[in-house]
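Summary of structural features
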Amino acid sequence: MAAMKTRTSSFSRNISGAPTSPIPGLKYGPNGTIFVSSGISDLDKILGGGYPLGSLVVVMEDSEAPHHMLLLRNFMSQGLIHKQPLLYASPSSDPRAFLGTLPSPLSSKDDRSRDRDAEQEKGLRIAWQYKKYFGDEQKVEGRGDGKLEYCNDFDLRKPLERYFFSGQSIDCISLHDNPSLYTFRDRCSAFLAQLPRYDGKITSAGRIAIQSFCSPQCEFSNMEWGMLSFIRYLKSMVRSSNAVAVLTFPHSLVSPSFSKRLQHLADTLLSVRAIQDEDKELAKLLTGYQDMVGLLNIHKVPVILDATTFSMKLQKRRSLVLECLNQAPVDCSSGTSYATSGSCSGSSTSGTLDF
Amino acid sequence: MDRSSSLLDEALDLDGLTTPSPSQPARVVLVEDCVETSGAFILHHLMKRFLSPHSSNAVVFVAFAHPFSHYERILRKMGCNLVVQRDNNRFLFFDMLMLECPGLDGGVGQSIESGLFALYGKIQKAVEVSSLAESKRNITVMIDDLSLMEVAANGSSNHVMDFLHYCHTLTTQFGCSLVTLCHEDIYSSTERATIPLQVEYLADVIIKAEPLASGLATDVHGQLTVLNKGFYDGLGSSRSKMRNFHYRIKENIVEYFYPGSRT
Amino acid sequence: MAESVSRALRDGALDGEHAPALAIKDSGDSPFGLAVFSHVLTQLASNVLAGKSQSRFVVLDCYTDPLGWKERLMECGSITNSSPKVSVNTSLCKDIRDLDKLFSLILQQGKGFLGEGKSRFSVAIDSEPGLSGRKAHGGGSLCLIDERADLDLMSNLSLGKVSEMLRHTSTSSVAGLISNLRSHNLVSCVFWLLHSDFHEIRVAAALEYLSSMLASIEQMTRPNDVPRDNSQNISLLEHNYRRGKFHVRFKRRNGRVRVMSEEFQVEQSRIKFMSVSSEDGTIAQSLVPKVQFNLQLSEKEKVDRAKVVLPFEHQGNGRSIDIYDGRRSLNDGKSDTMPASSEKVQTNEDSGRGEIIYFRDSDDEMPDSDEDPDDDLDI
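Residues numbered from 1 in each chain as written. Chains lettered and ligands numbered in written order. Predicted model: local features only at pLDDT ≥ 70, side-chain atom pairs only at ≥ 80, totals over all residues.

Description of the overall build of chain A
Along its length, chain A carries nine helices and 14 strands. Looking at chain A as a whole, 45% of its 355 residues qualify as buried. Long-range pairs, those at least 24 residues apart, make up 73% of the contacts in chain A with a sequence separation of at least 6. (Helix = DSSP H or I, 4+ residues; strand = E, 2+ residues; numbered from the N terminus. Buried ≥ 20, exposed ≤ 12 C-beta atoms within 10 Å, placed from the backbone. Contact = placed C-beta atoms within 7 Å.)

Details of the overall build of chain C
Helix and strand counts for chain C stand at 13 helices and 11 strands. A buried classification covers 37% of the 379 residues belonging to chain C. For chain C, contacts bridging at least 24 residues in sequence account for 72% of all contacts bridging at least 6.

As for the interface of chain A and chain B
Listed by partner, the interface residues are 22 residues for chain A and 22 residues for chain B. Those elements that place two or more of their residues in the side of chain A that touches chain B are helix 7 (224-239), helix 8 (256-265) and strand 12 (292-300) of chain A.

What to know about the sheet that holds strand 3 (residues 51-52) of chain A
Residues and elements named next belong to chain A. Across the sheet, which stays open at both edges, the three strands sit in the order 1-2-3 with antiparallel pairing between neighbours. At either end of the open sheet lies a strand with only one pairing partner, and these are strand 1 (26-28) and strand 3. Note: strand 2 (residues 34-36) against strand 3, two bridges, orientation antiparallel. Bridge pairing in strand 3 links Phe35 to Pro52. (Pairing = 2+ DSSP bridges.)

Considering helix 6 (residues 181-194) of chain A
Residues and elements named next belong to chain A. Here helix 6 contains 14 residues, and its C-alpha end-to-end distance of 20 Å stays within 8% of the 20 Å for a straight helix at 1.5 Å per residue. Of the residues making up helix 6, those classed as buried are Leu181, Phe184, Cys188, Phe191 and Leu192. Summarising the axial view, the buried residues of helix 6 lie within an arc of 95°, below the 170-degree limit, and thus occupy one face. Turned more than 90 degrees from where helix 6 packs its buried face, Thr183, Asp186, Ala190, Ala193 and Gln194 sit exposed. (Expected span 1.5 Å × (residues − 1). Arc of directions from axis to C-beta.)

Describing the confidence of the model for chain A
Residue and element names in this part refer to chain A. Looking at chain A, pLDDT values average 72 and 69% of them are 70 or higher. Counted against residues more than four places away or in other chains, residues 1-21, with its pLDDT under 50, gives 28 contacts. When the criterion is pLDDT under 50, residues 329-355 qualifies, and its contacts beyond four places in sequence or with other chains add up to 57 contacts. (pLDDT = per-residue confidence, 0-100.)

Let's talk about the nonpolar core
Within the largest apolar cluster, 214 residues are counted, with the highest numbers of intra-cluster contacts made by A:Val57, A:Ala245, B:Val60, B:Val141 and C:Leu22. Residues within four places of B:Val60 in sequence aside, it is in contact with B:Leu92, B:Ile123, B:Ala126, B:Val127, B:Ile139 and B:Val141. (Core = buried A, V, L, I, M, F, W, Y, C linked by C-beta atoms within 7 Å.)

Focus on the environment of A:Arg273
All names here are of chain A. For Arg273, the position within the fold is in strand 11 (residues 268-274). What makes Arg273 buried here is the crowd of 20 C-beta atoms within 10 Å. Once residues lying within four places of it in the same chain are set aside, the contact partners of Arg273 are Asp62, Gly294, Leu295 and Asn297.

Brief notes about the environment of C:Lys272
All names here are of chain C. Mapped onto the secondary structure, Lys272 falls in strand 11 (residues 270-275). Lys272 gets classed as partly exposed once you count the C-beta atoms within 10 Å, which come to 14. Expressed as a C-alpha distance, the spacing of Lys272 and Arg243, which sit 29 residues apart in the sequence, is 9.2 Å. Among all residues touching Lys272, those that are not within four sequence positions of it are Phe264, Gln265 and Glu267.

Focus: the pairing of strand 1 (residues 21-26) of chain C
Residue and element names in this part refer to chain C. The element strand 1 is extensively covered by neighbouring structure, given that six of its six residues are classed as buried. Because side chains alternate across strand 1, one face comprises the buried residues Ala21, Ala23 and Lys25, and the other comprises Leu22, Ile24 and Asp26, equally buried. Bridging between strand 1 and strand 7 (residues 187-195) involves six bridges; their strand directions are parallel. When the bridges of strand 7 are listed, Ile24 appears paired with Leu193.

Digging into the packing of helix 8 (residues 157-174) of chain B against helix 9 (residues 194-202) of chain B
Packed helix pairs are characterised by how far apart their axes lie and by the angle those axes make with each other. Residues and elements named next belong to chain B. It is at 10 Å that the axes of helix 8 and helix 9 come closest, and there the two elements cross at 15°. One element, helix 8, and the other, helix 9, form an angle in the roughly parallel class. Note on packing geometry: the crossing formed by helix 8 with helix 9 is right-handed. For the pair helix 8 and helix 9, contact is made by Ser157, Val160, Met161, Leu164 and His168 and by Thr194, Ile195, Gln198, Val199 and Leu202, respectively. Across the contact of helix 8 with helix 9, the residue classes break down as six nonpolar, four polar and no charged. (Axes fitted to C-alpha atoms, helices over the stretch in contact; angles between N-to-C directions. Parallel < 35°, antiparallel > 145°, perpendicular 65-115°, else oblique. Left-handed = near helix turned anticlockwise from the far one by under 90°. Nonpolar A, V, L, I, M, F, W, Y, C, P; charged D, E, K, R; others polar.)

Remarks on the packing of helix 6 of chain A against helix 7 of chain A
Residue and element names in this part refer to chain A. At a closest axis distance of 11 Å, the pairing of helix 6 and helix 7 adopts a crossing angle of 5°. When the axes of helix 6 and helix 7 are compared, the pair comes out roughly parallel. Contacts from Leu181, Arg185, Cys188, Ser189 and Leu192 of helix 6 reach helix 7 at Gly226, Met227, Phe230, Tyr233, Leu234 and Met237. Looking at the contact of helix 6 with helix 7, its residues break down into eight nonpolar, two polar and one charged.

A few points about unusual backbone geometry
Of note, the bond from B:Asp144 into B:Asp145 is cis; its omega dihedral lies within 30 degrees of zero at -5°. One can find B:Asp145 in the loop between strand 4 (139-144) and helix 7 (146-152). Of note in this structure, A:Lys83 is not a glycine but carries a positive phi near 60°. By the secondary structure assignment, A:Lys83 is in the loop between helix 3 (67-81) and strand 5 (86-90). Its identity is not glycine, yet B:Asn154 carries a phi of approximately 55°, on the positive side. With respect to the helices and strands, B:Asn154 occurs in the loop between helix 7 and helix 8.

Some details on the confidence of the model for chain C
Residue and element names in this part refer to chain C. The predicted model of chain C averages 66 in pLDDT, with 54% of residues at 70 or higher. Note that residues 82-88 has pLDDT below 50 and, in this model, 15 contacts with residues that lie over four places away or in other chains. Taken as a whole, residues 127-160 scores under 50 in pLDDT and shows 171 contacts with residues more than four places along the chain or in a different chain. What the predictor reports for the complex is a pTM of 0.75 with an ipTM of 0.86.

Points about the environment of C:Val40
Within the secondary structure layout, C:Val40 lies in helix 2 (residues 33-51). Owing to 22 C-beta atoms within 10 Å, C:Val40 belongs among the buried residues under this scheme.

In structure tokens:
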């Protein structure tokens, strides 16, 4: 875990030192990588800055919980706020309706209150060494009300204002009505083609969000090879353009080998998992169990990182935060196939840790 | 650091791979990995070794997984400039990211076979050209990776095997080495999966990257098991040998060490 | 015993009978089929060469260009040479998918150098590439079919590996090719190599069925799913890649099956057979019809068992000794005497039964006292 800590902190130094990126919504990382925000500041930090441009992010859904939607919503909202072109595909027959559920950024007043929370917390619990870096960073990001932030905090209860949708390139595709993957593919290529090409200077980045790709109501859901070559094609297209594609799929509904192939194709692989309600065992084993809504596993990232599990919490019932899973030092049966790790500290903000 | 990185080289008998010798037939190397522990770093390691400035070896790289810039960035970090090597005709890169057989355009029916046949033609031509350029040069054909090639061939493992068979004929014809990457966990739920089984038969060296049986640890990223079927011990006899060790991936380098040999 | 295989192949077919057919079967755990195949081929070759000076080999090469890709590339001029060094005795098979054509090609090749006469040739099918590279009879390519004639006008023929063929064609057509070859009056023997784990059991069984001899290669031990993370397991696995077991089943004309097994060791791509010292009963057992388990011991077995000296038994010169077991709690220590005495009676009746009776040294001693309960052990 030490590796991660250092990485996170060195990353913060970069940010404060580097000249602010000319384009809002893009962040320059080491080795020429460019990140776009996932819309969840904790996830950005864990991933070392966000989703790298040109990468394919795959989220394995939990069939029982809609946590993947949380990730998608924040991702899409963040893009719209940054005025980045968006392509959204989902198996529902009216995908545009989903846009109405996108969360709105917290107003600066709320933002400050969160800052103050963190501030307070710092005053109360100074045992956490790296906390102060996060505090600093937040201040850096929060500065300048007129400027767009790289990553906003979102209020999940408040829908995104209408004006964000206007005058932007938003493409919605229903996978249900689209009988063939070819047309879908053509839509994707068309969407990517309209993005300005990368020529040393990036002006904008596109976001592709594909929800529940292999869900059974899609006609192509039994054509595994077709879907694989679609994803392979999508990946190589995204590679050569300045866009990020996030794709979620229900891994319990597809064959194990297909799921593995898809996981291999991912540049960043996440999975979400529901946690059982009112599980006394878990409540005893995990600190902060009461506030958790689910678990987020990070299986694969472009940077070196130990695979870890994070808990997803709704702070004040509206904004999503991630926290390192803090386990009692007992071999807990909660982690089935996932690599859980109880030792990771210092990765997320505003932890309600019991010291 | 030198000592630890030589653990993989020693297990692979890399000197035998990089320097062609009449007594040593060409070799087929198979890298098997899974989602948790990617084996790509082994390919990068081999690439770097093959392209070392002390030799004139050439690499023919068939990429299904990543574009040139990806490998270029990684190898640059490791101290090997692929652009220069490409200009020197020591590194031949085939970008097959968009290869699809049968072609999706729906138009002129490009069958699976003809697509792979065309690719093979390119490879053989490249091998021929670079073997003519300098005699006694060892050429390595690398394929990254077989599982994606299977996707490109629309799931026809038979055609992939045909293709591999032809690549294999290059090893006897030109003394090439063949290095392939295969994601083993994809096939773990399939019985008698053609590709991993048949390639394991063909391979002289099998490198398996797996997570530790005990789960992931902070300072160990996984374990490598190297089975070298025709290890040449230098005294003129060959026998198979097997090695197992742990590795840890760092920013620019991978550390190899025997289990328990680090605190 | 490997020799008897070669001998059977050398002797070839009798008039009016099918040629002997050898199937060599291996699996991924012990992939030495090729080594055995090479061994058989070399033996056969030297047998022929020893007796008759004018014998020669013809190689029908199905390895280099099984689908005709190279030929097509040559035609369009993108490559210059399609095969490395075409030796005089090699001809290329350019379409492995058409087995009828292959069959006629084999016959044509065979007849071609047999000339007139009643001679026979043998066929070895192998599409495995390593073969010729590592093998006695040089040439850079893989030979699929190897035929030779001998002066005697009685010639042999060997056939190689069929797994590759099966990928391209159906089981029935490969089986058809083999049985056609076997029944052809010019063919004296056929042998082939089969990787059993490539195929469904049904397919493998079909090809075994066609053989008159089945040689199967197994690994020495079964370290199934041994974790590879300790050095002992590694050396065990490594061991498996150097040696193995070799079982041969001869389907004899009189209806009996002769089973033989040997061990082999692979050295420098050559294979060395060693007879097994202690014939383990596993082979024989598989032939015995299933009978029920015998729960009774025979008289001899009882005597044998009585002879076994158990641990601690020597301490009392044959008398059983009471030993404090250190584990029973104080409570049931009270009742110790009862069962113990009854057991003792039993023991006296049959001192050879070898039961061990544990006793506390003294009952007033706490089981978890400082004293080492194992103090009185004398091993």
